[in-house]
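Remarks on the overall topology
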Amino acid sequence: MIVNKIIIHELYKPIGTSGAKLSKSKNLLDSTHEDVINLVDELNKRYRRREEKQGIFDKNNATQFHLSFDDFYTEMSDEKFIKFSHRASENLKDRIESIGSAKGGYLVFSLYEDYRQFCSVFIVRDTTGITFKKNKTVDRFDIDKIQHIDFERLAMACRINLELYPSEEKRYLSFIHTKTDELSRYFINWISSTDTVTSEEETKKLLKVLRKIELPSNSENLLSIDRDELIHNAHKHIHANANRMVNLFDLSKNIFGIENYLPDYLYKNHLDLPTEFKAHGATLKHFIKVYAKADNIELTFFPSAVTEGKIKFDENDKNLLIIKSPDLVNQIRTSMNNE
């Protein structure tokens, strides 16, 4: 984790009240300080474990967040970064100050590198905890209340992949939010994102990854499992969910026995896939069977038929497919003779 820039502002807005106050920092934090690096690292880890949506900026509904980020992106200077954080934070304040049920928090703007370069905004809140403090007067330990940042309840956040921005063909923008938090709705409007990816595309990408990902070398249970069986297990796990929701961490734990194995592989290899998405029903069938239809011919087979040599692609003629199956030939002949 390398932190390049970071600045924190406080959006003070008690729930149940109107009006909001923005306490802005005028200068960046020391991005080389160990505490600062640990802060961004913790926030980024929490972000990666949450349900993530992906898309791009909605150019038909450009907001101050989008416009001020664009201004920063052209120069990437400290001054432009501070200005971006100020303008965006002021705009969020204006959006929520008349909403009684909305609650503020700390806005952490950060530019950092974690396998790729991101510009992120994390909205976090503090919570009351307790600690034990020695009371020397009466020689005992007392209970003392303290305020601390609640990392586990990261409210909202967004990340912009600077290596993909501003391509309209790549999902450079991602975000998380808490559906029960009133601020979330205004947070999404503040970013102004449009989702450009369908569940069909996401499901196809997952299948493509499962077909080539290396099996963990330290997992004895997987040594006897071939690729088709691994993909079949993935299909079984996804299909067991009535809504066909795919959580990458749950799926990884189920098929690899290691919760972070699949998400880490995707992250390190720059393969963008939401942490959680709904699988496409028709595409999900390809996890256990290959289906093709053309020229009045329909074929459905398991991928293992290729690995076992029952189905071959002719090396000399790309338009020729060879199927070696006596039982299949007999069935076709019998069917035609009975017509």
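Figured I'd write up the structure that's included with this text. Owing to the predicted nature of the structure, the values given are computational and were not obtained by experimental measurement. Every residue gets a number counted from 1 within its own chain, in the order that chain's sequence is written. Per-residue local features of the predicted model are confined to residues with pLDDT of at least 70, and side-chain atom pairs are confined, for both listing and counting, to 80 or more; whole-chain, interface and lining totals are unaffected and use all residues. Values shown for side chains rest on all heavy atoms present in the structure; no hydrogens or waters enter the calculation.

**Examining the sheet that holds strand E4 (residues 105–113)**
Strand pairing follows a simple DSSP-based rule, namely that at least 2 bridges must link the two strands. Each helix is a run of DSSP H or I of at least 4 residues and each strand a run of E of at least 2, with the numbering of both proceeding from the N terminus. Read from one edge to the other, the open sheet built from eight strands follows the order E2-E1-E4-E5-E8-E9-E3-E10, with strand pairing classed as antiparallel. Looking at the sheet topology across the chains shown, the edges are occupied by strand E2 (21–23) and strand E10 (193–194). Relative to strand E9 (residues 173–176), strand E3 (residues 53–57) is paired through three bridges, and the arrangement is antiparallel. Bridge pairing links lysine 53 to phenylalanine 175 in E9. Contact criterion: two residues are considered in contact whenever any of their non-hydrogen atoms come within 4.5 Å of each other. With axes taken as lines fitted to C-alpha atoms, and helix axes fitted only over the stretch in contact, angles between N-to-C directions fall between 0 and 180 degrees. Of the strands in this sheet, strand E1 (2–12), E4, strand E5 (117–124), strand E8 (156–161) and E9 touch helix H1 (residues 34–48), which is tilted by about 80° from E1. This element, helix H3 (residues 78–96), spans E1, E2, E4 and E5 of the sheet and lies at about 30° to E1.

**Brief notes about empty space enclosed by the protein**
Here the term cavity refers to a set of points on a 1 Å grid, laid over the protein atoms alone, in which a 1.4 Å probe fits but cannot get out; the term pocket refers to an open set having protein on both sides within 12 Å along at least five of seven lines, with lining residues being those that place an atom within 4 Å of a point. Grid points are joined across faces, edges and corners, and a volume is the space filled by probe spheres set on the points. Enumeration over the complete set of coordinates arrives at one cavity of 30 Å³ or more. Each pocket or cavity is described by its volume, and for the largest cavity that value is around 270 Å³. Along the walls of the largest cavity sit 21 residues, with Glu52, Gln54, Arg159, Tyr267 and Leu273 positioned nearest its centre. Among the secondary structure elements, those contributing two or more residues to the lining of the largest cavity are H1, E8, E9, helix H7 (248–256) and helix H8 (261–268). By residue number, the principal contributor to the lining of the largest cavity is H8, which donates three residues.

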